[in-house]
Amino acid sequence: MIITLLVYYPTLKNGFLTGWDDQWMVFSHYTERGWTVDNLWHIFTDFYGGQYAPLAFLSYLVLYAGFGYDPFYFHMFSLLLHIGCVCLVWKLISSLLRVHGGVSEKQILYVNFITTLLFAVHPINVEAVAWISALKVYAFFYLLGLLCYLRYIRTSKIFYYVLTIGCFLCSFWGKEQAVTFPLALLIVDWFTNRNMKNLEVWSEKMSFLIMAFFFGIITVLSQGKGPYEMIFPLYQRLLFGCFALVEYITKSLLPVNLNFFYPFPIVLGEEPPLHYYLYPVVLLFLMGWIIAYRNNRYLVFGVLLFLVNLLFSIHLFNMSRHAIVADRYMYLSYVGIAFLIANGIWWLRKRLSYFKAALVFLFFYCFFLSVYTFHYTKKWENTTMVKKYTKEVLEKRLNGSNHL
């Protein structure tokens, strides 16, 4: 928690990005209308700007009611939310490993600490923390819901089952990305060695699947109201999806040249660059490698956790977005990548010299991530700063470069 606070401290000095969505997300009529029944009704029933996120707008209303448009308190809330998610990741990984069984306390300590530390300081999460409009209320309740579900698995108490349902609802109210929550529950079932052939395991998911179905309809309807809908042909969306997955993996392992905006390589009606056809090949190679090691539950669990939270964010479906990838979509998915890295380092303990070398590398790697994050948060200081770096990305595109 202290490391997270130190790394993200510069965000508390940042202002609003009034030319980068804060002008309509934060400075909205929902925020300023106050605690009237009519305003609350519209917050929870309106589609706004191509999304449905009533809990995010309610958060802005609470902050405005208490502190006005003082950016310090908005950034403080966002930072505290991230610290809360860091704590939940710590608790979630330790609980998962204990329910999974056959894991020593030393392994739990190593894997849990490395996973949580990487999640806390990785610069790919800066966008979700430093940008008020990307507030990750949904992630907090998503993680809390998984924890409640693990408690339900351990105790079989209906109270925790109901809490899990409530967390799913609150998570969806935070962001439509939460619609994947039932899939995450099934992944947890599999990892904790529950009998997947047992009808009861699947019947427990009916409530969540029904909710996800209606949430999916709401998401589709809200996307249709967005100003930036990009309707590419199916084969192009598949190519963009493959590119996005490879790009997210690359940015997770080697976060360099992170930026605010990653534009599509083409406009509607154009053909994708030829090298985009290589990304499906890369993913097929990775898939073959995972299948070869499919008996390793830690590997498969980390991969599935990474994929499930990106399922509806890689343009396989038409989205009301004008960027091919966005760092904020990796917020929860990165937990899966961090879990894989942590288990990979623990696996090296069988060879002590490699294990010690890996720990030394991890120290310098985390130091690099922390320094990068500390400085990257300053680039989110104001609209002028954001537009400056965004302009550089667009100029690269106009000069014929597809490198993002």
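Everything discussed here concerns the structure shown above.
Residues numbered from 1 in each chain as written. Predicted model: local features only at pLDDT ≥ 70, side-chain atom pairs only at ≥ 80, totals over all residues. Heavy atoms only, no water.

Quick notes on the overall build of the protein chain
Heads up, the condition is: Note on conventions: DSSP H or I runs of at least 4 residues are helices, E runs of at least 2 residues are strands, and numbering of each starts at the N terminus. Radius of gyration: C-alpha atoms only; globule rule: 2.2 Å multiplied by the number of residues to the exponent 0.38. Burial classes follow relative accessibility: with a 1.4 Å probe on protein chains only, a residue under 20% of its type's maximum area counts as buried, one over 50% as exposed, and anything between as partly exposed.
When helices and strands are counted, the protein chain shows 19 helices and zero strands. Its C-alpha radius of gyration of 21 Å places the protein chain within 12% of the 22 Å reference for a compact globule of 404 residues. Oriented by its inertia axes, the alpha-carbon framework of the protein chain measures out at about 55 × 50 × 45 Å. For the protein chain, the proportion of its 404 residues judged to be buried stands at 54%.

Some points on the nonpolar core
Applied cut-off: We call a set of buried residues a nonpolar core when its members are Ala, Val, Leu, Ile, Met, Phe, Trp, Tyr or Cys and they connect through side-chain atoms within 4.5 Å of each other. For this analysis, residues touch if any pair of their heavy atoms sits within 4.5 Å.
The biggest cluster of nonpolar side chains holds 111 residues, and the ones touching the most others in it are Leu97, Leu118, Tyr248 and Trp380. At eleven residues, the largest contribution of residues to this core is made by helix α6 (residues 71-100). The contacts of Leu118, once residues within four sequence positions are left out, are Tyr334, Ala338, Ile341, Leu362, Tyr365, Cys366 and Leu369. Membership of the second largest hydrophobic core comes to 19 residues, among which are Met25, Tyr48, Ala56 and Leu81.

Here we look at helix α15 (residues 279-292)
We apply this condition: What a helix should span is 1.5 Å times the count of its residues minus one. Directions from the helix axis toward the C-beta atoms define the arc.
For α15, with 14 residues, the first-to-last C-alpha span of 20 Å sits near the 20 Å given by 1.5 Å per residue. Those residues of α15 that fall on the buried side of the exposure criterion are Tyr279, Leu283 and Ile290. What you see down the axis of α15 is that its buried residues fit within an arc of 35°, all on one side. Set apart from the buried face of α15 by more than 90 degrees, the exposed residues are Val281, Leu284, Phe285 and Ala292. On its buried face, α15 is in contact with α14 (234-253) and α16 (297-308).

Focus: the packing of α14 against α15
Worth spelling out the cut-off: Lines are fitted to the C-alpha atoms to define the axes, a helix being fitted only along its stretch in contact, and any angle between axes, read from their N-to-C directions, falls within 0 to 180 degrees. Between 65 and 115 degrees an angle is taken as roughly perpendicular, under 35 as roughly parallel, over 145 as roughly antiparallel, and anywhere else as oblique. Crossing chirality is assigned from the near helix's rotation relative to the far helix, an anticlockwise turn below a right angle marking it left-handed and a clockwise turn marking it right-handed.
At a minimum axis separation of 8 Å, α14 and α15 run at an interaxial angle of 60°. Relative to α15, α14 is oriented oblique. For the pair α14 and α15, the sense of crossing is left-handed. Taking contact as the criterion, the partners of Leu239, Cys242, Phe243, Leu245, Val246 and Ile249 in α14 are, on α15, Tyr279, Pro280, Val282, Leu283 and Leu286.

Regarding the environment of Glu270
Considering the arrangement of structural elements, one finds Glu270 in the loop between α14 and α15. Classification of Glu270 by relative accessible area gives partly exposed; the value is 38%. Between the C-alpha atoms of Glu270 and Gly288, which are 18 residues apart in sequence, the distance is 32 Å.

Focus on a nonpolar patch on the surface
To be explicit about the condition: Here a patch means residues that are over 30% exposed by relative accessible area and free of salt bridges, tied together within 9 Å if like-charged and within 5 Å if nonpolar (Val, Leu, Ile, Met, Phe, Trp, Tyr). The Shrake-Rupley method, run with a 1.4 Å probe, gives the accessible areas here. Residue values count only the displayed protein chains as cover. Only one rule defines a salt bridge in this text: a Lys or Arg side-chain nitrogen within 4 Å of an Asp or Glu carboxyl oxygen.
A surface patch of nonpolar side chains, about 680 Å² in accessible area, is lined by Met206, Leu209, Ile210, Phe213, Phe214, Ile217 and Leu221. If you trace the backbone, Ile210 turns up in helix α13 (residues 206-223).

Quick word on the environment of Ala56
Along the chain, Ala56 turns up in helix α5 (residues 54-67). Its relative accessible area of 4% is what places Ala56 among the buried residues. A C-alpha to C-alpha distance of 40 Å links Ala56 and Ala358, two positions 302 residues apart in sequence. Setting aside anything within four residues of it in sequence, one finds Ala56 in contact with Trp173 and Gly174.

What to know about the layout of surface pockets
Note the threshold: Cavities and pockets are defined on a 1 Å grid built over the protein atoms alone: a cavity is a set of grid points where a 1.4 Å probe fits but cannot escape, while a pocket is an open set with protein on both sides within 12 Å along at least five of seven lines, and lining residues are those with an atom within 4 Å of any such point. Grid points are joined across faces, edges and corners, and a volume is the space filled by probe spheres set on the points. Three classes are used, and their members are as follows: Ala, Val, Leu, Ile, Met, Phe, Trp, Tyr, Cys and Pro are nonpolar, Asp, Glu, Lys and Arg are charged, and the others, Gly among them, are polar.
Here the largest pocket defines a volume of roughly 1,000 Å³. Surrounding the largest pocket, 31 residues form its lining, Trp289, Ile290, Leu299, Val303 and Leu340 being those nearest its centre. Top element by residues in the lining of the largest pocket is α16. It accounts for eight residues. Considering only residue class, the lining of the largest pocket consists of 24 nonpolar, five polar and two charged.

Looking at the packing of aromatic side chains
Basically, it comes down to this: Pairing of aromatic rings covers Phe, Tyr and the six-membered ring of Trp, with a centre-to-centre limit of 6.5 Å; geometry is then stacked below 30 degrees between planes, edge-to-face above 60, and tilted otherwise. In our convention, an over-ring charge means Lys NZ or Arg CZ found within 6 Å of a ring centre and within 35 degrees of that ring's normal.
For the coordinates displayed, the defined rule picks out 51 aromatic pairs. Taking the centre distance of 5.6 Å and the plane angle of 85° together, the rings of Phe140 and Phe141 count as edge-to-face. Seen in terms of ring centroids, Trp289 and Tyr293 are 5.8 Å apart; in terms of plane orientation they differ by 55°. Their pairing is tilted. Overall, Trp289 belongs to the partly exposed group, its relative accessible area being 44%. Accessibility expressed as a relative area gives 48% for Tyr293, which makes it partly exposed. An aromatic cluster is defined as three or more aromatic residues linked by ring pairs; in this entry it consists of Phe47, Tyr52, Tyr138, Tyr142, Tyr149, Tyr152, Tyr161, Phe168, Phe172, Phe181, Phe208 and Phe215. The positively charged end of Arg297 is found above the aromatic ring belonging to Trp190, 4.5 Å away from the centroid.

That is the geometry; function is a separate question.
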